[in-house]
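Coordinate analysis (summary)
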Amino acid sequence: MAYFGRAMARAKLVEARQGASLIRKDAETVGTVARALTTSPRTNAMGVSVASDAAERLATAPDVDNELVIRDLNRTIEIDPTFAYAYYNRAVLLAKRGEVDAAIADYDRALGANPEFADAYFNRGLLLLSRGKAKEGIADLSRAGEYGLYNAYNIIKRMSAKP
């Protein structure tokens, strides 16, 4: 569980950095934050590489940090191959990187470990729809709705209304 916890903390750090880059373009503020978190000349408190200037750091950090998150999730899965949330979170990151087939495979594994995982059905359904597999995608969205993600029905309604 420690690897999963660290993966989630790193994922939140990536989100925070991406949000900061959208909200603040002020390199001085980012530099101040980076200096506050720096424990060695090139790494921060989480052990993540810190670029020398703020713009470079913001441009490269998400890919590097996501790799660290995926590595921790991989380790979590090695320790507990039945932990559905590790597969689910890895699938989310893979989908963001455009690795749709790998993401779908991880959603499959998450659902194998937890057959009532509504979020996994929802996300897999969206990916299947993006691949042109409407029947399978709608079936997954329907299952997500059955398990409590009712906004999945709105997507089904829109997809069914298409000529």
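For the structure itself, consult the block above.
This structure is a prediction, so every number in the text was calculated from the model and none was measured. (Residues numbered from 1 in each chain as written. Predicted model: local features only at pLDDT ≥ 70, side-chain atom pairs only at ≥ 80, totals over all residues. Heavy atoms only, no water.)

With that settled, the discussion passes to the nonpolar core. Across soluble globular proteins, nonpolar side chains have a tendency to be buried as a group. If you look at the biggest cluster of nonpolar residues, it comprises 33 residues, and the most contacted ones within it are L73, Y107, A110, F117, A120 and L141. Residue assignment for this core shows that the elements contributing at least two residues are α1 (2-23), α3 (54-79), α4 (84-96), α5 (100-113), α6 (118-130), α7 (134-146) and α8 (151-161). By residue number, the principal contributor to this core is α4, which donates seven residues. Every residue in contact with F117, bar those within four places of it in the chain, is listed here: A84, Y85, Y88, A110 and L111. (Core = buried A, V, L, I, M, F, W, Y, C linked by side-chain atoms within 4.5 Å. Buried < 20%, exposed > 50% of the residue type's maximum accessible area, 1.4 Å probe, protein only. Helix = DSSP H or I, 4+ residues; strand = E, 2+ residues; numbered from the N terminus. Contact = heavy atoms within 4.5 Å.)

This paragraph deals with the environment of R6. By the element assignment, R6 lies in helix α1. For the pair R6 and L73, spaced 67 residues apart in sequence, the C-alpha to C-alpha distance is 9.0 Å.

All right, on to α6 then. An ideal rise of 1.5 Å per residue puts 18 Å on 13 residues; α6 measures up with 19 Å between its terminal C-alpha atoms. For α6, the buried fraction is high: 10 of the 13 residues fall into the buried class. Those residues of α6 that are buried lie in contact with α4, α5, α7 and α8. G132 sits one or two positions beyond α6 and adopts a positive phi of about 80°. (Expected span 1.5 Å × (residues − 1).)

What follows concerns α5. Along its 14 residues, α5 runs 20 Å from first to last C-alpha, staying within 8% of the 20 Å computed at 1.5 Å per residue. Check the buried side of α5 and you find it contacts α4 and α6.

Now for the pattern of salt bridges. Inspection of every chain in the model, using the stated rule, returns eight salt bridges. The residue E67 makes a salt bridge to R97 at a minimum N-O spacing of 2.1 Å. Highlighted residues: E67 in helix α3 and R97 in the loop between α4 and α5, separated in sequence by 30 residues. D106 is the salt-bridge partner of R90, the closest N and O atoms lying 2.5 Å from each other. (Salt bridge = Lys/Arg side-chain N within 4 Å of Asp/Glu carboxyl O.)

Mapped onto the secondary structure, R90 falls in helix α4. According to the relative accessible area criterion, R90 is buried, its value standing at 14%. Setting aside residues up to four positions removed in sequence, R90 forms contacts with I70, L73, N74, I77, D106 and R109.

So, about the packing of α7 against α8. At a minimum axis separation of 8 Å, α7 and α8 run at an interaxial angle of 150°. Judged by the inter-axis angle, α7 sits roughly antiparallel to α8. Between α7 and α8 lies a crossing whose hand is left-handed. Side by side, α7 and α8 meet where I138, L141, S142, A144, G145 and E146 of the first sit next to A152, Y153, I155, I156 and M159 of the second. (Axes fitted to C-alpha atoms, helices over the stretch in contact; angles between N-to-C directions. Parallel < 35°, antiparallel > 145°, perpendicular 65-115°, else oblique. Left-handed = near helix turned anticlockwise from the far one by under 90°.)

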